[in-house]
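Chains, contacts and geometry: an overview
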Amino acid sequence: MSGTHHHAGEHPPHQPDIEEHPFSTYQVMAEAVGELLVEKQIISRDELRRTIETIESKSPAAGAKLVARAWTDAAFKARLLADVNAAAAELGIDAGPVPIRAVENTPSVHNVIVCTLCSCYPRMLIGLPPPWYKSRAYRSRCVREPRAVLSEFGTTVPDGVEVRVHDSTADLRYMVLPMRPKDTDGFDTDALARLVTRDVLIGVSVISDFS
Amino acid sequence: MSFPTLAVGETVIVRASFPPGHTRAPHYVRGRRGVVAGIAGQYPNPEELAYGRSGKPELPLYRVRFHQRDLWDDYRGSADDTVVVEVYANWLERSSEGRP
């Protein structure tokens, strides 16, 4: 690249190895507990590996599928609002044992999810949380100045609309059921599901109308 | 341990208590008035679970809705804006008053 040329040997191409950063206390503790569970034959290395693989294979696509179905089937939507885990099971989705509640956006309410105490998130349904969801900045500001946080995500909620923040402090997890965008009548459920992203399911974003 | 059995729509106050140890009641709602928005079921007491005990007896868990302006004196945003927090029954007292 012009202007940023370096002579070979001056700055050898180098991607830092993850080992270059010291492990945190909690990483060391997690490693140690894992090693002990294996050593005591409580779990096998393969079970440990498989569980991590399962957790990391979850994605927002499952949540998006639930939303698309709810938009096209009023009876399913009612069941989803009553019990997300049971509604997910109907579609062959294992949402895990922790109860998940769907909170519905309407023309008068915009919902957004946070966990101020730690980083509770519906992982079994929509995958691992983005790093910012776990940041102290998001966790503290989301309940203190949610409209400012939303605007940083490019989301403007009009003054007449209530911003309702859900702080998952305890035993429930949440997903946002967004409003179906206008002019999507011809969309099938697969096309509708593609509109529903992770950030929409958290509530920091909304889906634009097509008109 | 005694605590009120609450219904949706009842006004409650979160105890303004600051005991040492693990709790799941965020500081920003302690001493604040809200309304029961939902009943989430019964769950093991996290203040016991955190120390390796059984968490029994289980506690009712409520979803309590607070108006932002009741939480933050200088809240900028709509007067309609709210936060819904899950609060265990042992942190809640029934309030006879309405919103302050």
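Residues numbered from 1 in each chain as written. Chains lettered and ligands numbered in written order. Predicted model: local features only at pLDDT ≥ 70, side-chain atom pairs only at ≥ 80, totals over all residues. Heavy atoms only, no water.

1. Description of helix α8 (residues 136–144) of chain A
Residues of α8(A) that are buried: Y138(A), R139(A), C142(A) and V143(A). Each buried residue of α8(A) lies within a common arc of 110° when the element is viewed along its axis, so the set occupies one face. (Buried < 20%, exposed > 50% of the residue type's maximum accessible area, 1.4 Å probe, protein only. Helix = DSSP H or I, 4+ residues; strand = E, 2+ residues; numbered from the N terminus. Arc of directions from axis to C-beta.)

2. So, the domain arrangement of chain A
Interface extent is often summarised as the accessible area lost during association of the parts. Taken domain by domain, chain A holds domain 1 (18–56) and domain 2 (58–202). Once you take the C-alpha centre of each, domain 1 of chain A and domain 2 of chain A turn out to be 30 Å apart. (Domains from an automatic or database assignment.)

3. Considerations on the packing of aromatic side chains
Aromatic rings considered in pairs are described by the distance between their centres and by the relative angle of their planes. Counting across every chain of the model gives eight aromatic pairs over all chains. On the basis of an interplanar angle of 20° and a centroid distance of 5.7 Å, the ring pair of Y28(B) and W72(B) is categorised as stacked. With Y28(B) in the loop between β1 (11–14) and β2 (33–43) and W72(B) in the loop between α2 (68–71) and β4 (82–88), this pair connects stretches of sequence that are 44 residues apart. W72(B) matches Y28(B) in its accessibility class, with the two residues each being buried. Taken together through their ring pairs, the aromatic side chains of Y121(A), W132(A), Y133(A), Y138(A) and F153(A) make up a single cluster. Here the basic side chain of R69(A) rests over the ring of F76(A), its NZ or CZ set 4.9 Å away from the ring centre. It is R15(B) that lies over the ring of W91(B); its NZ or CZ is 4.7 Å from the centre. (Phe/Tyr/Trp six-rings, centres within 6.5 Å; stacked < 30°, edge-to-face > 60°. Lys NZ or Arg CZ within 6 Å of the ring centre and 35° of its normal.)

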